[in-house]
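# Commentary on secondary and tertiary structure
For reference, the chains in residue letters:
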Amino acid sequence: MKTKLITDLTVKKVCEGFVYNSLEEKGLFGLNGQLIIQPEYQRNYIYNDGKKDVAVIQSILSGYPLGLIYFNKREDGKLEILDGQQRITSIGRFTTGKFAIKINGMEQYFSGLATNLQDKIMDYPFLIYECEGAESEIKEWFKTINMAGVPLVEQELLNSIYSGQFVSLAKAEFSNSGNSLVQKWSAYISGDVKRQAYLERALEWVSKGNIENYMSLHRHDDNINELKTYFNTVIDWVSTVFVDVEKEMKGLEWGRLYETYHNKPYNPNEVSQLVHKLYADPYVKNRRGIFEFILGGCKHTELLDVRIFDEATKRTVYANQTAEAKEKGKSNCPICASDVRPEINSKIWEQKDMDADHITAWSKGGKTDIKNCQMLCRHHNQAKGNK
């Protein structure tokens, strides 16, 4: 890969003809159309938070260096930003009136700045390296230089490696905070849409976890029909089965749950009643497990992390149970006491060798209180299970 240092490009030159897409929140062009600010492999613009973008402008006004910027020279002679997209987009947005900064406690847009401050910004010189090489070299360099600053997340790296029409279409759908469907999706997906969290989930679901293989296979596709269809199928299935939207639903493994349970019939009204019942149950410690618990037929209580008997309860029940057993000459494990073998039906277990058990299983309405507690030897407690 060849590189050369360019020192004659100022903010005025680079931001001439600056175009910013507010809907997709990304910089498009600069340098009178000769600079592609956000090529396909670049991450979304993430500096528009009123802090990072403002800091870029304040650094220029303070005379601080912004650091090196890297351009890639393409075969058609145009340039695209390898590193520096966030900084240049912030500067372009400010100079075109997209946000204001505070000067002496007052908010000022670029057009309202004193002439000398406008000139200071527009005359600010960039320190730019122009790179030229094969696609593989450019992509490898892109990954290397982006290890500093705000690091790329895994999906951003994969977007850069497999850039093309497919990634562009996928990002326009799943990495666009202006997409009206994002609000609906946000009930089930956690993470920042601009940092590729939604795209990553969509790819994870359709690929059954093999995101990189899927992106490689579909890199040159001119549509994302399969990706969109599968994603929307999962979301529609979830929202149909669970008519209640609870905060604990966010970020669950809905792709895996869909694959496991979507062929089973569910009554949404009955499911809703179960959700409300479990949410109201003080013994359910893990509400995030409620949804898979219901999908699985309410069998796997371990998903709920149902509250167990406390130590004080276990000591009291053990003491009462053992005293009564000794008086009768029977084992202090009720199940052992019914065994026909004398060495078993009269065995007194130590507390450390016994477990607290729900007399009536929690899943069948039994409460986690002292009246529903018995101590069983570990063998019989494990054998009893959820009976």
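Before reading on, note that the structure itself is shown above.
Another point: the overall build of the chain. In terms of helices and strands, the chain carries 17 helices and 11 strands. On C-alpha atoms alone, the chain measures out to a radius of gyration of 31 Å, which is more than a quarter above the 21 Å that the 2.2 N^0.38 rule sets for 387 residues. Projected onto its principal axes, the C-alpha positions of the chain cover 100 × 50 × 40 Å. Taken across its 387 residues, the chain has 46% of its residues classed as buried. Within the chain, counting contacts between residues at least 6 apart in sequence, those at least 24 apart form 63% of the total. Carbon and sulfur atoms form 49% of the exposed surface of the chain, whose accessible area is close to 20,000 Å². Computed over 50 positive and 51 negative side-chain charges, the separation of the two mean positions in the chain equals 5 Å.

By secondary structure assignment, the location of Thr10 is in the loop between strand 1 (2-6) and helix 1 (11-14). Among residues more than four places away in sequence, those in contact with Thr10 are Met122, Asp123, Tyr124, Pro125 and Phe126.

Along the chain, Gln155 turns up in helix 6 (residues 154-161). On the accessibility criterion, Gln155 (1% relative accessible area) is buried. Setting aside residues up to four positions removed in sequence, Gln155 forms contacts with Gln196, Leu199, Glu200, Leu203, Ile211 and Met215.

Tallying each qualifying case throughout the model produces 17 aromatic pairs. Residues Trp237 and Tyr258 carry aromatic rings whose centres are separated by 5.6 Å and whose planes lie at 75° to one another, so their mutual orientation is edge-to-face. Residue Trp237 is found in helix 11 (residues 225-241), and its partner Tyr258 is found in helix 12 (residues 254-261); the two are separated by 21 residues along the sequence. Classification of Trp237 by relative accessible area gives buried; the value is 11%. Residue classification places Tyr258 among the buried residues on the basis of a relative accessible area of 11%. Cation over ring: Arg93 sits above Tyr20, and NZ or CZ is 5.2 Å from the ring centre. Cation over ring: Lys347 sits above Trp349, and NZ or CZ is 4.7 Å from the ring centre.

Cut-off values and rules
- Residues numbered from 1 in each chain as written.
- Predicted model: local features only at pLDDT ≥ 70, side-chain atom pairs only at ≥ 80, totals over all residues.
- Heavy atoms only, no water.
- Helix = DSSP H or I, 4+ residues; strand = E, 2+ residues; numbered from the N terminus.
- Rg over C-alpha atoms; globule rule 2.2 N^0.38 Å.
- Buried < 20%, exposed > 50% of the residue type's maximum accessible area, 1.4 Å probe, protein only.
- Contact = heavy atoms within 4.5 Å.
- Areas by Shrake-Rupley, 256 points an atom, 1.4 Å probe, with all protein chains shown as cover.
- Lys, Arg positive; Asp, Glu negative; His and termini not counted.
- Charge placed at Lys NZ, Arg CZ, Asp CG, Glu CD.
- Phe/Tyr/Trp six-rings, centres within 6.5 Å; stacked < 30°, edge-to-face > 60°.
- Lys NZ or Arg CZ within 6 Å of the ring centre and 35° of its normal.

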